[in-house]
Amino acid sequence: VQLVETGGGLVQPGGSLRLSCVGSGFTFSRYAMSWYRQAPGKERELVAVISRGGSSTNYDDSVKGRFTISRDNAKNTVYLQMNSLKPEDTAAYYCYARLLGYDMEYWGKGTLVTVSS
């Protein structure tokens with residue numbers, strides 16, 4: 001099983017990035033997918049979650065209106081479009097897969113996002 005995140009990097013405040021996470025080794029479409037982030041010295045926090053079919057999404061208040069989570073089950077990929085980035089969005093971003101009702105969950109290794117001028 002693998003979750004591989006890409007798309008992180010250095011961006012100026014107000015800029016945009018799109019993160020991608022490709023899953024393999026499991027039935028991607030059966031899993032709810034989420035993005036978490038962890039800033040230096042802080043606990044990991046939930047950023048956004050999307051249901052198996054993509055019809056339902058939820059966001060942390062700090063990113064509502066700026067970030068959009070989406071998925072393409074045909075490509076085993078979940079995305080996080082991040083707009084109007086702020087320095088406080090600087091963190092390592094992690095992809096997370098969970099099979100609801102079962103004790104099965106997977107984490108990616110993360111991709112670093114740095115928002116700085």
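Above: the structure in question.
All figures in this text were calculated on a predicted structure; none of them were measured in a lab.

### A look at the nonpolar core
One finds M33, W35, V78, L80, M82 and Y93 to be the most contacted residues of the largest nonpolar core, which totals 28 residues. Sorting the residues of this core by element identifies β3 (17-24), β4 (32-38), β5 (45-50), β7 (67-72), β8 (77-82), β9 (91-99) and β11 (111-115) as the ones contributing at least two each. Not counting chain neighbours up to four residues away, the residues in contact with L80 comprise L17, R18, L19, W35, V47, A48, F67, T68, I69 and Y93.

### Brief notes about the packing of aromatic side chains
As enumerated under the stated definition, the model contains seven aromatic pairs in all. Where F26 meets Y106, the ring centres are 5.2 Å apart and the plane angle is 45 degrees; that geometry is what we call tilted. You can see F26 sitting in the loop between β3 and β4 and its partner Y106 sitting in strand β10 (residues 104-107), a full 80 residues away along the chain. Neither F26 nor Y106 differs from the other in exposure class; each is buried. Here a set of aromatic residues connected by ring pairs shows up, and it is made of F26, F28, Y31 and Y106. Across the ring face of Y94, the terminal group of R44 is positioned such that the distance to the ring centre comes to 3.7 Å. Over the aromatic face of W107 sits the side chain of R44, whose NZ or CZ is 4.6 Å from the ring centroid.

### Comments concerning the pattern of salt bridges
If you walk through the whole model with that rule in mind, you get four salt bridges. R37 is paired through a salt bridge with D89; the nearest N and O atoms lie 2.9 Å apart. Of the two residues, R37 sits in strand β4 while D89 sits in the loop between β8 and β9, which places them 52 residues apart along the sequence. Each member of the pair, R37 together with D89, is buried. Across the salt bridge formed by K64 and D61, the nearest N and O atoms sit 3.1 Å from each other. One network of salt bridges, in which partners are shared, links R37, E45, R66 and D89.

### A few points about the side chain of E5
Mapped onto the secondary structure, E5 falls in strand β1 (residues 2-6). It is R44 that comes nearest to the buried, bridge-free E5 among opposite-charge side chains, at 7.5 Å. Side-chain polar atoms of E5 contact the backbone nitrogen of G110, separated by 2.9 Å.

Definitions and cut-offs
Residues numbered from 1 in each chain as written. Predicted model: local features only at pLDDT ≥ 70, side-chain atom pairs only at ≥ 80, totals over all residues. Heavy atoms only, no water. Core = buried A, V, L, I, M, F, W, Y, C linked by side-chain atoms within 4.5 Å. Buried < 20%, exposed > 50% of the residue type's maximum accessible area, 1.4 Å probe, protein only. Helix = DSSP H or I, 4+ residues; strand = E, 2+ residues; numbered from the N terminus. Contact = heavy atoms within 4.5 Å. Phe/Tyr/Trp six-rings, centres within 6.5 Å; stacked < 30°, edge-to-face > 60°. Lys NZ or Arg CZ within 6 Å of the ring centre and 35° of its normal. Salt bridge = Lys/Arg side-chain N within 4 Å of Asp/Glu carboxyl O. Lys, Arg positive; Asp, Glu negative; His and termini not counted. Polar contact = N/O pair within 3.5 Å; in protein donor to acceptor, adjacent residues only side chain to side chain.

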